[in-house]
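# Geometric and topological summary
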Amino acid sequence: MQDSRSKKALYIIYIACLFAFFYLPIVVMMVFSFNSSKSLTSMTGFSLRWYERLITDGSIMRAVYVSLTIAIFATFISTVLGTITAIGLSKSRKIVKDVVLNVNNIPIMNPDIVTAISLMILFSSAMIAKGYMTMLLAHIAFCTPYVITSVYPKVRQLDPSIADAAMDLGATPFEALMKVIIPMLKDGIYAGILLAFTMSFDDFVISYFVTGNGVENISIVVYNMTKRTNPTINALSTIVILVIAILIILSKIMPAMLKNTIRKIVIVGFILVLGLTIFSGIRGHEKTLRVFNAGEYIDPELVTKFEEEYDCSVIYETFDSNESMYTKLMSGSQYDILIPSDYMIERLIKEDMLQPVDWSLITNKDELDPENLDYAYDPGNKYSVPYFVGTVGILYDKNKVDEADLKDGWELLRNEKYAGDIYMYDSERDSFMIALKALGYSMNTTSKKEIDEAYEWLLEQKKDMDVVYAGDDVMDNMIAGNKAIAVVYSGDGAYIMAENEDLGYFEPEEGTNEWCDAMVLTKDCTDKELAEAFMDYMLEYDNVYQNSLFIGYTTPVVKVREDFKVQEYDGINAYTPEFGALNNEMFRYQDKKTKQYYSDLWTKIKAY
């Protein structure tokens, strides 16, 4: 008896731990959606600010609309196609059946990235403008195989003579299909519907590569939000979870009562969504500006304000890296304005993909800091207008790091006193920059000997120091004080220091990466005058101040920088790094052979 009770208690504990493992992270996320601060790890007070921002953020609401409509249409169409195909296969010859089923398994087993690139190339080759329709077609393409897989086993269980019996009793072939066969397949069809809707609503990779013209679903918007600390993600996720929970509860406690009502609601909702989608695609003959920028790298209110001020429409899209931006350009996507980094601008200039800026139309050009102009990647700023600038430095906890150790410069990152207490930025270029600078070499070296030495430096550091390579999550971790040292961009450093007064920032005397992200005009720009008006607009004092407050990075506009330093980041040196320092460099364009050599070594370091 005692053994039975012990086993029962252990079983309950096991179940409780299992549920805690699955659901505790969700509960924590929901709790932090009501946090009054931006921190994702420190609860500072109760607030609804992130829900307010969610409701007022037009980009998020548009993404919700796109996700829902795409998921509904893709589910409906793929269910019809999948069900018809499954029924047709049951009547096909064995060889046809085997071939179709094997082909059907390819999209299911294929990595998403392969499917995404394939569809992107297909749409580009067919000269189909990427946007809502290409995303819908892509979702139908990858949802249909799942429906076939769900419905076909049910079809095989049917008695082949049922349809014939129905027609013998006077039913037409269509009536036999709709009133006899389909009802008997309903379990498989419902499973296919749920699977298709879930796959579509949740998709990111394929959607990211096949979309365009400013069309983004929730997954893309959330991914872009992760580039900066943005608790709005928590608010959005909480609402989605609550809606799903309510629907599940209703489906369990009131199935009979709601059966006909739900059917009517679904039909009416489908018609409304279809109508909204059709009418939302009707645009007036207004001026349109296509902007391609990094994720979370502009205050959305500024885009809306520009549209109102210039009576135009801005199609705003985002990328997660300079390389992915370049890939989309080469796939045929067209934009008017790009906002890439220095080395990528140099590459675009070399490949004749940009056109010169008419500086006579940039009325706020005199507000720019001369230190942030005339960089080597674009002498005389013929093609680029600076957007944000900064450096890479070391952020450290004043309570954990001995100030005397700072004289070691980049070698601080190999000081064994801080083993296991260091974040390295997860970047091939910046990591090799650190090692090359520590060794006294140029960070743009093409010498294999020097690159190999840098590789050994990084490999020994990883082996001896147990460093953690982190991305933008380093911000919240350093605010929380999880480690003593982190390599960060100066703008991130300023934001982190504003949240944690125990942190300091310095740039080693050996030099560092001084970077500049800038606005450029593509050769495909269809309204150069409007594009240059946008560039000038983004240099106006009030707009620059608002954008800097939203992003947190250093602006090249002197007056805003000085006011911001006093009003927002008083005493925080990371906001005003030492531009033009003797040993600072900018990344330059790398030829394919050199870039591949760096990439191969970086892969070995990460895999160690």
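Remember, it's a predicted structure, so these values are computed and weren't measured experimentally. (Residues numbered from 1 in each chain as written. Predicted model: local features only at pLDDT ≥ 70, side-chain atom pairs only at ≥ 80, totals over all residues. Heavy atoms only, no water.)

With that settled, consider the packing of helix H4 (residues 94–109) against helix H6 (residues 132–156). Packed helices, taken two at a time, are described by the angle their axes make and the gap between the axes. In the contact formed by H4 and H6, the axes pass within 9 Å of each other and the chain directions differ by 130 degrees. Compared by their axis directions, H4 and H6 come out oblique. For the pair H4 and H6, the sense of crossing is left-handed. The segment H4 lies against H6, with Lys97, Leu101, Asn104, Pro107 and Ile108 engaging Pro145, Tyr146, Ile148, Thr149 and Tyr152. Taken together, the residues of the contact of H4 with H6 sort by class into seven nonpolar, two polar and one charged. (Axes fitted to C-alpha atoms, helices over the stretch in contact; angles between N-to-C directions. Helix = DSSP H or I, 4+ residues; strand = E, 2+ residues; numbered from the N terminus. Parallel < 35°, antiparallel > 145°, perpendicular 65-115°, else oblique. Left-handed = near helix turned anticlockwise from the far one by under 90°. Contact = heavy atoms within 4.5 Å. Nonpolar A, V, L, I, M, F, W, Y, C, P; charged D, E, K, R; others polar.)

A word on the pattern of salt bridges. Enumeration over the complete set of coordinates arrives at 16 salt bridges. In this structure, Lys328 and Glu317 form a salt bridge, with 3.8 Å as the shortest nitrogen-oxygen distance. Taken as a pair, Lys328 in helix H15 (residues 322–330) and Glu317 in strand E2 (residues 312–319) lie far apart in primary sequence, 11 residues in all. Grouping residues by exposure puts Lys328 and Glu317 together as buried. (Salt bridge = Lys/Arg side-chain N within 4 Å of Asp/Glu carboxyl O. Buried < 20%, exposed > 50% of the residue type's maximum accessible area, 1.4 Å probe, protein only.)

A separate point is the side chain of Asp517. Its location among the elements puts Asp517 in strand E10 (residues 514–522). Assessed through its relative accessible area of 9%, Asp517 is described here as buried. Within the structure, Asp517 has its side chain in polar contact with the side chain of Ser341 (distance 2.7 Å). With near-sequence residues (within four places) excluded, Asp517 lies in contact with Tyr297, Pro340, Ser341, Pro386, Tyr387 and Phe388. (Polar contact = N/O pair within 3.5 Å; in protein donor to acceptor, adjacent residues only side chain to side chain.)

The subject of this paragraph is the nonpolar core. Counting residues in each nonpolar core, the largest one holds 153 residues, and the members touching the most others are Ile337, Leu413, Phe432 and Ile485. Looking at this core, the element that brings in the most residues is H6, giving 12 residues. When sequence neighbours within four positions are dropped, the list of residues in contact with Ile485 reads Ile394, Leu395, Tyr396, Val401, Leu412, Leu413, Tyr418, Asp421, Ile422, Tyr423 and Met478. Tyr51, Ile60, Ile218 and Leu236 belong to the second largest nonpolar core, which has 10 residues in total. (Core = buried A, V, L, I, M, F, W, Y, C linked by side-chain atoms within 4.5 Å.)

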